[in-house]
Amino acid sequence: ATLVPGDYFGGHALTTNQRNMATIVAKGPALLVTLSMSQRGFQESGIAKRMHFPKRPNIHTVHMDLFSSQSLGKELSHSNRPSSQAALPPEEIKFICNAIRRNANLRALHCFSDDVLRNIARTAERRTVPRGAMVARSGEFGQEFFVVRNGL
């Protein structure tokens, strides 16, 4: 399966405390840019209380290893992520809010006011992921919620 800008992943694992259902790897050629929210931010934002993430066939029936295990690059681990979160610029906040509004799977958040959605979006952090980097691994407990900004 291929994720496109505005798609998300990681929410189901965070709301159910289950392991990731898929391995997500940046396949390029452009850098993958995500707007990600830590588990703590996800919980504190109120999303976890309002959301039920449906099983999506492309993730639950297709294993999303986009590279063979021999060709995987470095994993995007907590140790190589920036420790201080810079505030997202307004265009990134707007992108997250629009992605939520357009995605039918996130309809439980559609009733939130624009101010509430902006506050949720402000907890996100921009990540640039190089080709071959693993963002999430099937079978591991999820630590973040991701919205795809650019790249595949």
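Placed above this text is the structure.
Residues numbered from 1 in each chain as written. Predicted model: local features only at pLDDT ≥ 70, side-chain atom pairs only at ≥ 80, totals over all residues. Heavy atoms only, no water.

## A closer look at the pattern of salt bridges
- Per the counting criterion, the structure on display carries eight salt bridges.
- With its nearest N and O atoms 2.3 Å apart, the salt bridge here joins Arg118 to Asp115. Note that Arg118 and Asp115 are positioned in helix α6 (residues 114-121) at a spacing of three residues, about one turn of the helix.
- Relative accessible area serves as the criterion here: at 30%, Arg118 is assigned to the partly exposed category.
- The partly exposed category is assigned to Asp115, whose relative accessible area is 48%.
- One salt bridge connects Glu140 with Arg137, and the closest N-O pair in it is separated by 3.1 Å.
- For Arg137, a relative accessible area of 31% gives the class partly exposed.
- Within the structure, one salt-bridge network assembled from shared partners comprises Glu92, Arg126 and Arg149. (Salt bridge = Lys/Arg side-chain N within 4 Å of Asp/Glu carboxyl O. Helix = DSSP H or I, 4+ residues; strand = E, 2+ residues; numbered from the N terminus. Buried < 20%, exposed > 50% of the residue type's maximum accessible area, 1.4 Å probe, protein only.)

## Overview of empty space enclosed by the protein
- In this structure the tally under the stated criterion is two cavities of 30 Å³ or more.
- For the second largest cavity, the calculated volume is near 50 Å³.
- Leu35, Ser36, Met37, Ile47, Ile96, Ile100, Ile120, Ala124, Phe145 and Val147 are the residues that line the second largest cavity.
- Those elements giving two or more residues to the lining of the second largest cavity turn out to be β3 (32-38), α5 (90-102) and β6 (144-150).
- Of the residues in the lining of the second largest cavity, the class split is nine nonpolar, one polar and no charged. (1 Å grid on protein atoms, 1.4 Å probe; cavity = no way out; pocket = protein on both sides within 12 Å on 5 of 7 lines; lining within 4 Å. Points joined across faces, edges and corners; volume = space filled by probe spheres on them. Nonpolar A, V, L, I, M, F, W, Y, C, P; charged D, E, K, R; others polar.)

## Focus on the packing of α5 against α6
- It is the contact of α5 with α6, at a shortest axis distance of 9 Å, that shows an interaxial angle of 115°. The interaxial crossing formed by α5 with α6 has right-handed handedness. Facing α5, whose interface residues are Ile93, Ile96, Cys97, Ile100 and Arg101, α6 presents Asp114, Leu117, Arg118 and Ala121.
- A breakdown of the residues in the contact of α5 with α6 according to their chemical character gives six nonpolar, no polar and three charged. (Axes fitted to C-alpha atoms, helices over the stretch in contact; angles between N-to-C directions. Left-handed = near helix turned anticlockwise from the far one by under 90°. Contact = heavy atoms within 4.5 Å.)

## Here's the deal with the environment of Gly28
- Positionally, Gly28 belongs in the loop between β2 (24-25) and β3.
- Exposure remark for Gly28: the relative accessible area of 8% places this residue in the buried category.
- Between the alpha carbons of Gly28 and Gly151 there is a distance of 6.4 Å; along the sequence they are 123 residues apart.

## A word on the side chain of Thr34
- The residue Thr34 is located in strand β3 in this model.
- Judged by its relative accessible area of 0%, Thr34 is buried.
- Setting aside chain neighbours within four positions, we find Thr34 in contact with Glu125, Arg126, Arg127, Phe146, Val147 and Arg149.

## Examining the sheet that holds β6
- Reading across from one edge, β1-β6-β3-β4 is the order of the four strands in this open sheet, with antiparallel pairing throughout. Unpaired on one side and paired on the other, β1 (8-9) and β4 (125-129) mark the two borders of the sheet.
- With two bridges joining them, β1 and β6 adopt antiparallel strand pairing. The residue of β6 that forms the bridge with Phe9 is Phe146.
- Sitting on the sheet, α5 touches β3, β4 and β6, and the angle it makes with β6 is about 105°. (Pairing = 2+ DSSP bridges.)

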